[in-house]
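# Fold and geometry: a report
Residues per chain, in single letters:
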Amino acid sequence: MGGSESDPQKDSNKITNKTVLAQKKLLDHLLMLGVESQWAPVALRCSALRCIGDLVAGHSKNLDALSSKVLGEERQVEPAVNSLLRIILRTSSMQEFIAADHVFKNFCEKNKDGQAMLASTLIPHPNSMADAPLEEDMNLSFGSMLLRGLAMSESDGDLETCCRAASVLTHILKDNTQCKERALRIELEAPMPSLGAPELLLHRIVRLPKCSAMLPRFTPPLNISA
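Residues numbered from 1 in each chain as written. Predicted model: local features only at pLDDT ≥ 70, side-chain atom pairs only at ≥ 80, totals over all residues. Heavy atoms only, no water.

As named in an unreviewed UniProt entry, the protein is ARM repeat superfamily protein, taken from Hibiscus sabdariffa.

What follows is the structure, given as structure tokens:
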């Protein structure tokens, strides 16, 4: 375990191995097991999700491949990142949430283009996000679905969904000044009665520490400082 933090030969071997695995269509198989096979045991789905996160980490082509993947059939086709986000927001399994969050963490780490791609979709849906049935999120963009999760509040009795969405937002904003500046200008759809205007995303972020204590310690703090 000793020695230098980074071994160039080892890093090169990792990249080569990930390239070969991707050429064998491993990403497709992992997405099928981890995302599309909801009938599969939770442990199997979690293992597949963790493998997806490891496969894309630090590998530009695999990152691009994941960002362009679509899942589903016919009218139910949607980007893979949307399906992964839905798992984070909906799953009743904490282990599955952690595994799916691992994918976004590795997808966003040192991947400014990927962060910018996700941040570009952070546009509130014109209809009420908090009141719409969950089934309707198939018609939402990644960003609208994420903002809908952030719009959950004490009155909805869904603080956990809000904090899970905040975890994903943390990965999108980490070490990316442009994404942070974009987030600071976003207005959430639901107005605050006390303010008489739509609530700024920044205001919601400031209130998040109140609910973060309800989640285990693995939930990262949301840091939008430059």
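Take a nonpolar patch on the surface next. There is a patch of nonpolar side chains on the surface, built from Leu184, Leu200 and Leu202 and spanning about 220 Å² of accessible area. If you trace the backbone, Leu200 turns up in strand β4 (residues 197-200). (Patch = residues over 30% accessible without salt bridge, like charges linked within 9 Å, V, L, I, M, F, W, Y side chains within 5 Å. Areas by Shrake-Rupley, 256 points an atom, 1.4 Å probe, with all protein chains shown as cover. Salt bridge = Lys/Arg side-chain N within 4 Å of Asp/Glu carboxyl O. Helix = DSSP H or I, 4+ residues; strand = E, 2+ residues; numbered from the N terminus.)

With respect to the element layout, Glu199 can be found in strand β4. Spatially, the C-alpha atoms of Glu199 and Glu187 are 5.7 Å apart, while their sequence positions differ by twelve residues.

This next bit is on the state of the cysteines. Under the definition given, this model contains zero disulfides. In this structure Cys179 is a free cysteine whose sulfur lies 8.3 Å from that of Cys108, the closest cysteine sulfur available. (Disulfide = S-S within 2.5 Å.)

Take the environment of His171 next. On the secondary structure map, His171 appears in helix α9 (residues 159-173). Take His171: its relative accessible area is 10%, and that puts it in the buried class. Contacts of His171, omitting those with residues within four sequence positions, involve Asp101, Phe104, Lys105, Cys108 and Gln115. Of note is the side chain of His171, whose polar atom sits 3.1 Å from the side chain of Asp101. (Buried < 20%, exposed > 50% of the residue type's maximum accessible area, 1.4 Å probe, protein only. Contact = heavy atoms within 4.5 Å. Polar contact = N/O pair within 3.5 Å; in protein donor to acceptor, adjacent residues only side chain to side chain.)

A few words on the packing of helix α6 (residues 94-108) against helix α7 (residues 112-119). Packing of α6 against α7 brings their axes to within 7 Å, and their N-to-C directions diverge by 120°. Considering their axes alone, α6 and α7 lie oblique with respect to each other. Residues Phe104, Phe107 and Cys108 of α6 touch α7, and the partners they reach there are Gly114, Gln115, Met117 and Leu118. (Axes fitted to C-alpha atoms, helices over the stretch in contact; angles between N-to-C directions. Parallel < 35°, antiparallel > 145°, perpendicular 65-115°, else oblique.)

Here we come to α6. Residues separated by three or four positions in an α-helix point in the same direction, a consequence of the helix having 3.6 residues per turn. A rise of 1.5 Å per residue sets the reference length of α6, with its 15 residues, at 21 Å; its end C-alpha atoms lie 21 Å apart and thus fit the reference within 8%. Within the sequence span of α6, burial applies to Glu96, Phe97, Ala99, Ala100, Asp101, Val103, Phe104, Asn106, Phe107 and Cys108. (Expected span 1.5 Å × (residues − 1).)

What follows deals with the packing of α7 against α9. Between α7 and α9, whose axes approach to 8 Å, the crossing angle comes to 130°. Between α7 and α9, the angle falls in the class oblique. Of the residues in α9, those touching α7 at Gln115, Leu118 and Ala119 are His171, Ile172 and Leu173. Tallied by class, the residues present in the contact of α7 with α9 amount to four nonpolar, two polar and no charged. (Nonpolar A, V, L, I, M, F, W, Y, C, P; charged D, E, K, R; others polar.)

Attention now goes to the environment of Met32. Residue position: Met32 is located in helix α2 (residues 26-36). Here Met32 falls in the partly exposed class, since its relative accessible area comes to 40%. C-alpha of Met32 to C-alpha of Ala48: the two residues are 16 residues apart in sequence and 8.8 Å apart in space.

Taken as a whole, this structure holds one aromatic pair when the rule is applied. Considering the side-chain rings of Phe104 and Phe142, the 5.6 Å spacing of their centres and the 45° angle between planes classify their relative orientation as tilted. Of the two residues, Phe104 is situated in helix α6 and Phe142 in helix α8 (residues 142-151); the sequence distance between them amounts to 38 residues. Directly above the aromatic system of Phe97 lies the positively charged group of Arg164, at a separation of 4.9 Å from the ring centroid. (Phe/Tyr/Trp six-rings, centres within 6.5 Å; stacked < 30°, edge-to-face > 60°. Lys NZ or Arg CZ within 6 Å of the ring centre and 35° of its normal.)

Right, let's get into α7. Of the positions making up α7, those classed as buried are Gly114, Gln115, Leu118 and Ala119. Projection of α7 onto a plane perpendicular to its axis shows the buried side chains occupying an angular sector of 135°, all on one side. Considering only its buried residues, α7 is in contact with α5 (80-90), α6, α8, α9 and α10 (177-184). (Arc of directions from axis to C-beta.)

Along the chain, the position of Arg45 falls in helix α3 (residues 42-56). Classification of Arg45 by relative accessible area gives buried; the value is 6%. A polar side-chain atom of Arg45 sits 3.2 Å from the main-chain carbonyl oxygen of Gln38. The residues contacting Arg45, other than those within four sequence positions of it, are Leu33, Gly34, Ser37, Gln38, Ala40 and Glu96.

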